[in-house]
Amino acid sequence: MLLALALLLLVPAQAQAAGYRYWSFWDRSGDRWVYATQGPSTARPSDGDVQGFRFAVSADSSDADQPRGAASFDAICARTPAKDGTKRIALVIDFGTAADAPSGETPPAARSACAQVGPDATTAEALASVAKPLRYDTSAMLCAIAGYPRTGCGEQVSSSDGTPTAKDEQDERKDDGSGPSVGLIAGGAVVAVLAGAAVWQARRRRNG
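Since the structure is predicted, the reported quantities are computational estimates derived from the model, not experimental observations.

Asks: Pulling in residues and values, what's your account of the state of the cysteines?
Replies: Simply put, the disulfide is a covalent bond whose two ends are the sulfur atoms of two cysteines. For the structure shown, the criterion picks out 2 disulfides. Covalent S-S linkage joins Cys77 and Cys114, the inter-sulfur distance amounting to 2.1 Å. With the S-S bond torsion at 100°, the cross-link from Cys77 to Cys114 turns out right-handed. Of this pair, Cys77 sits in the loop between α2 (73-76) and β4 (87-94) while Cys114 sits in strand β5 (residues 111-117), placing them 37 residues apart in sequence. Exposure class is identical for Cys77 and Cys114. Each is buried. Between the sulfur atoms of Cys143 and its disulfide partner Cys153 the distance amounts to 2.0 Å. Disulfide Cys143-Cys153: the torsion about the S-S bond is -75°, which places it as left-handed. You can see Cys143 sitting in strand β7 (residues 142-144) and its partner Cys153 sitting in the loop between β7 and β8 (155-158), a full 10 residues away along the chain. Accessibility classification places Cys143 together with Cys153 in one group, the buried group. Of note for the protein chain: the bonded cysteines, numbered N- to C-terminal, pair according to 1-2, 3-4.

See below:
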């Protein structure tokens, strides 16, 4: 009985499990991608660095999809000779799959580009030089690269049917400090029900 009650209460929490549709940002380290620890507007790559962007639906950095395709600086920047007073950044831009695309949109083919920018340029500036137009939201979150997607920015997507909910990634960040998540609320409800049921059973044994 107690197990059944717990499962019934956990089902809504599982049904609400969701990811977020957004552009993730990556650094290339050797032969692998590493999730960037800074945003593109503050990261200042060095000459010869390789960085990537991937549009996809993911819950967080631990399960985010990595950019696909070749990621060699020598190959991407082969036709861009070094120039005094500049740095070259190899960028891999993966627009993702149709499954992750917003309704009515088709992801463009993945591309790579060699951005030649000033020595103090940020990744965002490098990206803007090769993949306009970029779109940002009011909190400076990168929403679109080369105009894709046309609308939306970090919106929450239901894992059950792939449709966006009213929440967005800003709401997720607020949850970190302003209140419990859906999972925590559901977990607390299960504990309360189990505790109440245990007390009820104990009283029955005493009265019996």
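Asks: I'd like to hear about the environment of Val92, residue by residue, with values.
Replies: Tracing the chain through its elements places Val92 in strand β4. Taking the relative accessible area as the measure of exposure, Val92 reaches 2% and is therefore buried. Remark: the alpha-carbon pair of Val92 and Ser112, spanning 20 residues in sequence, is separated by 4.4 Å. The residues contacting Val92, other than those within four sequence positions of it, are Trp33, Val50, Gln51, Gly52, Phe53, Pro67, Arg68, Ala70, Ala71, Ile76, Arg111 and Ser112.

Asks: Go over the environment of Asp94 with me, naming the residues and quoting the values.
Replies: Along the polypeptide, Asp94 turns up in strand β4. For Asp94, a relative accessible area of 1% corresponds to the buried category. In the structure, Asp94 is positioned 18 residues away from Ser112 in sequence and 8.4 Å away in space, judged by C-alpha atoms. With near-sequence residues (within four places) excluded, Asp94 lies in contact with Trp23, Phe53, Arg54, Phe55, Gln66, Pro67, Arg68 and Ala110. For Asp94, the side chain forms a polar contact with the side chain of Arg68, separated by 2.7 Å.

Asks: Could you give me a rundown of the packing of aromatic side chains, with the residues and numbers involved?
Replies: The full count for this structure, using the stated rule, is 6 aromatic pairs. With a centroid separation of 5.4 Å and an interplanar angle of 55°, the aromatic rings of Trp23 and Phe55 are classed as tilted. Residue Trp23 is located in strand β1 (residues 18-29), and its partner Phe55 is located in strand β3 (residues 50-58); the two are separated by 32 residues in the primary sequence. Judged by relative accessible area, which is 7%, Trp23 ranks as buried. Measuring from centroid to centroid gives 5.9 Å for Phe95 and Tyr148, while their planes differ by 75°, and the two rings are edge-to-face. Taken together, the residues Phe95 in the loop between β4 and β5 and Tyr148 in the loop between β7 and β8 connect sequence positions 53 residues apart.

Cut-off values and rules
Residues numbered from 1 in each chain as written. Predicted model: local features only at pLDDT ≥ 70, side-chain atom pairs only at ≥ 80, totals over all residues. Heavy atoms only, no water. Disulfide = S-S within 2.5 Å. Helix = DSSP H or I, 4+ residues; strand = E, 2+ residues; numbered from the N terminus. Buried < 20%, exposed > 50% of the residue type's maximum accessible area, 1.4 Å probe, protein only. Contact = heavy atoms within 4.5 Å. Polar contact = N/O pair within 3.5 Å; in protein donor to acceptor, adjacent residues only side chain to side chain. Phe/Tyr/Trp six-rings, centres within 6.5 Å; stacked < 30°, edge-to-face > 60°.

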